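# Fold and geometry: a report
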Amino acid sequence: WLLAMDNVLGLVFLFLLCQHAEYAAEILLGISEAVSGRLFELVNWLMGEPAGLKLNNQLSAFLGNFYLYHVFLWRAYLLFLRVVLSPMLVVLGCSGVFGATVALSLAADFFSICTFHLYCFYIYAARLYSIQRYMLMSLLRLFAGHKWNVLRQRVDSFESGWDQFLLGTVLFTVVLWLLPTTVVFYVVFTTLRFLVLICYTSVAWLALAINHLPVSAITLRILGLSKLEKLEFSLANPKVVPTPSSRSNLYKHLYVK
């Protein structure tokens, strides 16, 4: 039942996508252009005073221009994708011959490719945030008279001079004042990454539901055949009780011969 339903849904997916590939391509391109426009507005909002927060102007301008450059690259990629998107959707629809789960899996991979720029935004922000957090922890250990021993993978005591202490104080102040700007970018793009993962997981769960849907039980319930569960079986000759020797002879007859 599950295999039959999977194949039927795959053929329906094949028919719909192959018949309306151009229309689906236009819808996807429109959504992608709308998302890129919203990203452009979001980055410009982060470069100002988002939610009334006073961020570092130089760092926010640098990060904003960096992300805007990637948005422009994504728009150029959409111009190239406009030519090949319709044939790609036809190929995706042809995968429905192997079942709806295969088509949904390829659709999830295609969605991941289309949102690759959002993944890059998240990686950039997360990497910068982790570097600043590591610098702050290292400088705090310097002020406490400790250092991280790379060879033994432990924290050892360390006596720093006044020049090292002064340089560490300057670096700690600079990194600490730049951290709120980095945190704002990190939170925003982590939220976008989380939304993308929700969409991807929804498609994966849909494919999983098709594989584990109790079709036979639902069909019996719809057709009113649930009384089949009350069938009882009885022996044709209940007076004959098999003995252990007769059962062993029966097993020998079935499995040895």
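Residues numbered from 1 in each chain as written. Predicted model: local features only at pLDDT ≥ 70, side-chain atom pairs only at ≥ 80, totals over all residues. Heavy atoms only, no water.

## Overview of the side chain of T181
Worth spelling out the cut-off: Secondary structure is summarised from DSSP: a helix means a run of H or I of at least four residues, a strand means a run of E of at least two, and numbering begins at the N terminus for each. Relative accessibility thresholds used throughout: buried, under 20% of the residue-type maximum; exposed, over 50%; partly exposed, between the two (1.4 Å probe, protein chains only). Working rule for contacts: check all heavy atoms of both residues, and any pair within 4.5 Å makes them a contact.
As for its placement among the helices and strands, T181 is situated in helix α6 (residues 162–212). Under the relative-accessibility criterion, T181 is labelled buried at 1%. Once you skip the residues sitting within four places of it in the chain, T181 turns out to touch L55, N56, L59 and S60.

## Things to note about the nonpolar core
In globular proteins that are soluble, nonpolar side chains generally tend to be buried together. The cut-off we apply is this: Buried Ala, Val, Leu, Ile, Met, Phe, Trp, Tyr and Cys residues that are joined via side-chain atoms within 4.5 Å together make up what is termed a nonpolar core.
Counting residues in each nonpolar core, the largest one holds 17 residues, and the members touching the most others are L46, Y67, F121, F185 and F189. Those elements that provide at least two residues to this core are α2 (21–47), α3 (57–94), α5 (116–143) and α6. Not counting residues within four places of it along the chain, the set of residues in contact with F185 comprises L46, S60, L63, G64, Y67 and A125.

## Some details on the confidence of the model for the protein chain
Stated precisely, the cut-off is as follows: pLDDT expresses, on a scale from 0 to 100, how confident the predictor is about each individual residue.
Taken residue by residue, the protein chain gives an average pLDDT of 76. The fraction at 70 or more is 79%. Taken element by element, the predicted model of the protein chain shows its lowest mean pLDDT in helix α8 (residues 244–256) (46) and its highest in α5 (88). Taken together, the stretch residues 250–257 has pLDDT below 50 and engages in two contacts with residues farther than four places along the chain or on a different chain.

## Overview of the side chain of T182
In this structure, T182 sits in helix α6. Residues in contact with T182, not counting those within four places in the same chain, are L59, L128, Y129 and Q132.

## Side note on the packing of aromatic side chains
This is how the line gets drawn: A pair of Phe, Tyr and Trp rings is counted when the ring centres sit within 6.5 Å of each other, with Trp represented by its six-membered ring. The angle between the planes then sorts it: under 30 degrees is stacked, over 60 is edge-to-face, the rest tilted.
Per the stated rule, a full pass over the model turns up ten aromatic pairs. Between the aromatic rings of Y67 and F185, the centroid separation amounts to 5.9 Å while the plane-to-plane angle is 15 degrees, which identifies the pairing as stacked. Linking Y67 in helix α3 with F185 in helix α6, this pair joins segments that are 118 residues apart in sequence. Note on accessibility: Y67 and F185 belong to one class, buried. Three or more aromatic residues link up through ring pairs in this structure, and these residues are F66, Y67, F121, Y124, F185 and F189.

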